[in-house]
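Here are the chains, one letter per residue:
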Amino acid sequence: MKILHTADWHLGKRLDRFSRLEEQVLVMNEIVEIADRENVDLVLIAGDLFDNFNPSVEATELFYKTLKRLSLDGKRPVIAISGNHDSPSLIDAPDPLARECGIILIGYPKAAINPFELEHFKISKSTEGFIELEFKNQNFPIRILHTPYANEIRLKEYFGENKEKELNNVLRENWKQTADKFCDENGVNLLMTHLYMNKKGTPILEEPEGEKPIKIGNADLVFSDIIPHQIQYTALGHLHGFQNIGTEEKPVVYSSSPLCYSFSEAGQTKYVSIIEAEPNKPVTFEKIALQNGKQLVRKTFDSIENTIEWLNENPNTLVELTLESETFLKADERKLIYQSHSGIVHLIPKVKNQDFNENQLRDINLNQDIQALFKDYFKSKNNGQEVNEELINLFNEILNP
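So, here is what we can say about the structure in this document. (Residues numbered from 1 in each chain as written. Predicted model: local features only at pLDDT ≥ 70, side-chain atom pairs only at ≥ 80, totals over all residues. Heavy atoms only, no water.)

**Quick notes on the overall build of the chain**
The helix and strand inventory of the chain stands at 10 helices and 20 strands. Counting all 401 residues of the chain, 53% fall into the buried class. If you take every contact in the chain between residues at least 6 apart in sequence, the share linking residues at least 24 apart comes to 66%. Accessible area for the chain stands at about 19,300 Å²; split by element, carbon and sulfur atoms hold 46% of it. (Helix = DSSP H or I, 4+ residues; strand = E, 2+ residues; numbered from the N terminus. Buried < 20%, exposed > 50% of the residue type's maximum accessible area, 1.4 Å probe, protein only. Contact = heavy atoms within 4.5 Å. Areas by Shrake-Rupley, 256 points an atom, 1.4 Å probe, with all protein chains shown as cover.)

**With respect to unusual backbone geometry**
The backbone phi angle of Asp16 is positive, close to 55°, even though this residue is not glycine. Looking at where Asp16 falls in the secondary structure, it is placed in the loop between strand S2 (14–15) and strand S3 (18–19).

**Some details on the nonpolar core**
If you look at the biggest cluster of nonpolar residues, it comprises 33 residues, and the most contacted ones within it are Ile79, Leu133, Ile142 and Ile144. Leaving out residues up to four positions away in the same chain, Leu133 has contacts with Leu42, Pro77, Ile79, Ile104, Phe121, Lys122, Ile123, Ser124, Pro141, Ile142 and Ile144. Core analysis: the second largest hydrophobic core is formed by 32 residues, Leu62, Leu67, Ile91 and Tyr261 among them. (Core = buried A, V, L, I, M, F, W, Y, C linked by side-chain atoms within 4.5 Å.)

**Thoughts on the pattern of salt bridges**
Under the counting rule described, the total for this entry stands at 18 salt bridges. Measuring nitrogen to oxygen at the nearest pair gives 3.9 Å for the salt bridge that ties Glu38 to Arg37. Assessed through its relative accessible area of 16%, Glu38 is described here as buried. On the basis of relative accessibility, which here comes to 56%, the residue Arg37 falls in the exposed class. Salt-bridge contacts for Lys270 lead to Glu265; the nearest nitrogen and oxygen are separated by 2.8 Å. Given a relative accessible area of 4%, Lys270 falls into the buried group. Three or more residues are tied together by salt bridges with common partners; here these are Lys2, Arg37 and Glu38. (Salt bridge = Lys/Arg side-chain N within 4 Å of Asp/Glu carboxyl O.)

**Re the sheet that holds strand S13 (residues 233–236)**
Note: strands within a sheet are paired through backbone hydrogen bonds, in either parallel or antiparallel orientation. Strand order in this open sheet of 7 strands is S7-S8-S9-S10-S13-S15-S14, and the pairing throughout is mixed. Only two strands of the sheet have a single partner each, and these edge strands are strand S7 (121–127) and strand S14 (243–244). (Pairing = 2+ DSSP bridges.)

**Digging into the environment of Leu4**
Mapped onto the secondary structure, Leu4 falls in strand S1 (residues 2–6). Sequence separation between Leu4 and Asp41 is 37 residues, and the spatial gap between their C-alpha atoms is 8.1 Å.

**With respect to the pairing of S7**
Two strands pair when backbone bridges link them, and S7 and strand S8 (residues 130–135) are joined in this way by 6 bridges, in the antiparallel orientation. Residue Phe121 lies in a different strand from S8, and its bridge partner there is Phe135. Taken together, S7 and the strand that follows it, S8, pair antiparallel across an intervening segment of 2 residues, in which Gly129 is found at a positive phi of about 75°.

**A few points about the sheet that holds strand S20 (residues 344–351)**
Taken together, 3 strands build an open sheet; the order of strands is S18-S19-S20 and the sheet is parallel. In this open sheet, the two strands that pair with only one neighbour each are strand S18 (295–301) and S20. Direction aside, the axes of adjacent strands within the sheet are offset by 10° on average. Across 7 bridges, the pairing between strand S19 (residues 317–325) and S20 is parallel. Across the sheet, the residue bridging to Thr322 is Ile348, located in S20. (Axes fitted to C-alpha atoms, helices over the stretch in contact; angles between N-to-C directions.)

Spelled out as structure tokens, the structure:
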């Protein structure tokens with residue numbers, strides 16, 4: 001049995017003013033091509049399907065078209081759960097139609113999926129938080145424990161009032177009861193969830209920059225040691241970098257997002273995970289690198305000339321640019337930089353070799369004229385940087401229109 005695990009698509013995602021939809025179309029095509037090339041039997045998508053609760057028409061259309069292509073028009077099951085960026089109701093809404101195409105959409109924790117049968121596979125068992133699939137060309141079933149993301153209100157609704165202390169215990173007990181009842185050695189046993197999970201005793205894993213955090217303190221942190229022993233592979237979503245926080249024999253894998261979505265991910269390679277599994281044996285998996293999408297790059301320069309040269313040499317990038325200079329950037333310098341590259345997301349001016357003590361401006365002479373006060377104010381707000389002539393002239397124009 002061959003399985004493709006992906007997550008954190010964030011369809012409709014923007015980076016500041018830059019849409020990523022064109023890149024997402026390309027990388028969705030690539031994921032479909034990998035699924036077909038690897039001849040996978042099952043696709044798992046572990047949450048954060050969209051970037052917000054009300055995705056655009058274009059993002060929604062891309063989502064449904066991609067799922068339909070992944071499902072091979074009902075020949076290959078695709079199972080997708082909601083993440084912390086998704087509206088569970090929106091994910092659940094097309095379920096009756098999706099099932100006709102072999103697509104199983106799960107929005108809420110402890111959901112019970114209605115069984116159905118298609119030509120190539122069927123849901124043979126279903127209960128809260130669990131489904132079993134049987135394939136016509138396989139002599140063993142696939143069991144999947146599924147737990148979509150739940151916010152604090154839903155966690156309390158589904159898992160009890162004392163969520164902060166009991167989340168690990170409640171999940172452990174729920175998963176254990178389900179696994180003990182349904183997950184014997186005669187099938188492949190998987191867990192798919194969109195929770196902030198870490199290995200106990202290891203450093204806290206950083207959540208993606210700019211993302212909606214799941215972890216608030218340690219209240220929502222789930223530890224991998226609560227995964228039932230029957231589970232052969234755990235498919236995680238939420239963290240955007242590929243990593244296995246489990247063991248080689250029993251992987252617990254964040255498959256990564258398909259694109260770099262924040263500058264904290266700059267330089268990361270993105271992947272999908274391809275798993276080979278059979279009953280009562282350790283799974284094997286490999287990560288397949290995704291090639292599409294613009295690189296996110298953080299660069300620092302100390303001259304306009306070097307900045308322009310690098311930008312001209314690297315046009316197909318999205319850039320966070322820091323420019324160290326002796327004085328505040330002039331308008332014509334900013335214009336020249338932006339004209340040389342269409343993908344500058346942030347331009348951060350920084351004073352070079354400037355020794356500045358905030359105490360120097362603690363006592364300001366309020367009897368100065370307005371221009372001197374403006375110079376002191378500008379200096380206090382810009383780490384000691386002196387105001388340039390261009391800004392002084394603009395300030396005078398405002399004073400004397």
